[in-house]
2 protein chains.
Amino acid sequence: MTEFENLSGMLPSKVRQLIREGKWRKPTSGLSNGYTQANLVILPQKYAYDFLLFCQRNPRPCPLLEVLDTGDAIVKLMADHADIRTEIPKYRIYKHGVLTDEVTDIKRMWREDFVSFLIGCSFSFEQALLENDVPVRQIEEQCNVPMYRTNIPCRSAGVFKGPMVVSMRPMTERQAIRAIQVTSRFPSVHGAPVHFGDPAKIGVSDLSHPDFGDAVTIHDYEIPVFWACGVTPQAAVMASRPEIAITHAPGHMFITDRKDTAFSIL
Amino acid sequence: MTEFENLSGMLPSKVRQLIREGKWRKPTSGLSNGYTQANLVILPQKYAYDFLLFCQRNPRPCPLLEVLDTGDAIVKLMADHADIRTEIPKYRIYKHGVLTDEVTDIKRMWREDFVSFLIGCSFSFEQALLENDVPVRQIEEQCNVPMYRTNIPCRSAGVFKGPMVVSMRPMTERQAIRAIQVTSRFPSVHGAPVHFGDPAKIGVSDLSHPDFGDAVTIHDYEIPVFWACGVTPQAAVMASRPEIAITHAPGHMFITDRKDTAFSIL
């Protein structure tokens, strides 16, 4: 807990150094408080156009923060200098859509045709929700946000297609109204909710069994509120079974040098 | 004038039909009032990844509204059904970066490797400015908005690079404050201004000689306010001299079936 508290106020570059040196291999939630964290997808160049187009066509679930040049492993915009191959605590390797390995370093398997995509994450607006007295249940309960596959189709692009995945936070109607206002300020990291209330209307049958992440308590005076989720593009990638794809392991994100507030347009 | 007044209240699909039938070959400003108009860039597929990445890296000047599938000429999201080859009043053909022709139909020169990009335009927020009593001088003076090359570099992507081009509207400081609020609601069609006041600070030396469009009156109690402009990606394309590129002719835009208000996040 002391270690965690230290890291929560530590600069991203220092935390990434600890990660690079193998001294931090746990989830990144709560680290470098106030700085945006990002999802990672790495694909061979031959899939990059289709994936870039998929993200362009589905900006709500797939907000691209940075796309590195082909073969380049150095983050330039979202961090002042960071090596995408070593500065994430845990990576997942997928071959033909099947998880084959979890590793803490992808330097040895790097290829000159790899394209790295950093994708926005709802972590970026959760601090703003808390500051506005909107509860964020999975933080209270110290678990992962619950995520669900919906029946909302994404617009397909080349080989990539699939349903929108949403994250869910329970709250009162009054808090939901405030949450809509607050998250509308963050259009480049998912923005306003896509739905609230009856989960069946977006094809979700059982909130207690999320498709990804953990179930959280929903009090009987609360309604579920749903946001487009950055797991959507990952799910679309897996479904298309590319020969190889690398992502961050769930919860083990890339910590950027950019503050959450930089993504607020108001 | 009667003809113009009729067209200003006409549905986009009807105006596009007149265009398709060769009955309207003039600029589209003021037509189908309240509906968003878009810039067009068509490139061979081999340039499409670099161009898509250029737009992703420079979202303020290059807000992509829709990218058609390779070889597909039918607009699907921004219009319910429209043929991009015939439903714009005038096109420009560039070969190796040089303007070689202006035509009213590109059906005969269509290629299976063409990718069409529809890009947002500041027309989309001008109605909102007018409704908030912010003057739009080039509308008052019935000319084209003045546009200037700046010393603000775009982030390059593959073969595409170049400076940001801005549009300028003169107004009082008080109106500028309101204009910043109003256009912040439209992040997907350029959003808030990038600069106001001293043009030299962004490398613009003479407001009376715009690089594109027409000079407008600036009263001595007004300051210039600058927005990122959709001419930026066109200028980057021309500078990279692709074997062929097709764009709309200035002022002769694609009229979408989407209302301007659909691009406001608040």
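Reading guide: rules and limits
- Residues numbered from 1 in each chain as written.
- Chains lettered and ligands numbered in written order.
- Predicted model: local features only at pLDDT ≥ 70, side-chain atom pairs only at ≥ 80, totals over all residues.
- Heavy atoms only, no water.
- UniProt positions renumbered as here; feature names shortened; annotations may be inferred.
- Phe/Tyr/Trp six-rings, centres within 6.5 Å; stacked < 30°, edge-to-face > 60°.
- Helix = DSSP H or I, 4+ residues; strand = E, 2+ residues; numbered from the N terminus.
- Buried < 20%, exposed > 50% of the residue type's maximum accessible area, 1.4 Å probe, protein only.
- Pairing = 2+ DSSP bridges.
- Contact = heavy atoms within 4.5 Å.
- Axes fitted to C-alpha atoms, helices over the stretch in contact; angles between N-to-C directions.
- Salt bridge = Lys/Arg side-chain N within 4 Å of Asp/Glu carboxyl O.
- Polar contact = N/O pair within 3.5 Å; in protein donor to acceptor, adjacent residues only side chain to side chain.
- Nonpolar A, V, L, I, M, F, W, Y, C, P; charged D, E, K, R; others polar.
- Parallel < 35°, antiparallel > 145°, perpendicular 65-115°, else oblique.
- Left-handed = near helix turned anticlockwise from the far one by under 90°.

Chain A is annotated in an unreviewed UniProt entry as Putative hydro-lyase GCM10007968_11640 of Sporolactobacillus putidus. Regarding chain A, the relevant UniProt record gives this comment under Sequence similarities (unreviewed entry): "Belongs to the D-glutamate cyclase family."

A. Representation of the packing of aromatic side chains in the model. All names here are of chain B. Inspection of the entire model under this criterion finds eight aromatic pairs over all chains. Consider the rings of F51 and F160, whose centres lie 5.5 Å apart with planes at 75 degrees: the pair is edge-to-face. With a gap of 109 residues between them, F51 in helix α3 (residues 45-57) and F160 in the loop between β8 (147-153) and β9 (163-171) connect regions that are remote in the sequence. With relative accessibility at 0%, the residue F51 sits in the buried group. Given the relative accessible area of 0%, F160 is considered buried.

B. Structural context of the sheet that holds β8(B). All names here are of chain B. Read from one edge to the other, the open sheet built from four strands follows the order β8-β9-β11-β10, with strand pairing classed as antiparallel. Two strands lie at the open edges of the sheet, namely β8 and β10 (195-196), each paired on one side alone. Packed on one face of the sheet, helix α6 (residues 173-184) meets β9 and β11 (223-228) and runs near 15 degrees to β11.

C. Up close: the interface of chain A and chain B. With 20 residues of chain A at the contact, the number on the chain B side is 20 residues. Taken together, chain A and chain B are joined by two salt bridges. A salt bridge links D69(A) to R57(B), with the nearest nitrogen and oxygen atoms 3.0 Å apart. Seen at the junction of chain A and chain B, the total is six residue pairs in polar contact (both at pLDDT 80 or more). Mapped by element, the contributors of at least two residues to the side of chain A that touches chain B are α3 (45-57) and β2 (64-67) of chain A. Of the residues contributing to the side of chain A that touches chain B, the split by class is 13 nonpolar, three polar and four charged.

D. Representation of the packing of α3(A) against α3(B) within the structure. The interhelical angle for the contact between α3(A) and α3(B), taken along N-to-C directions, is 50 degrees, at an axis separation of 10 Å. Relative to α3(B), the element α3(A) is oriented oblique. In terms of crossing hand, the pair formed by α3(A) and α3(B) is left-handed. For the pair α3(A) and α3(B), the contacting residues are Q45(A), A48(A), Y49(A), L52(A), L53(A) and Q56(A) in the first and Q45(B), A48(B), Y49(B), L52(B), L53(B) and Q56(B) in the second. For the contact of α3(A) with α3(B), the per-class residue count stands at eight nonpolar, four polar and no charged.

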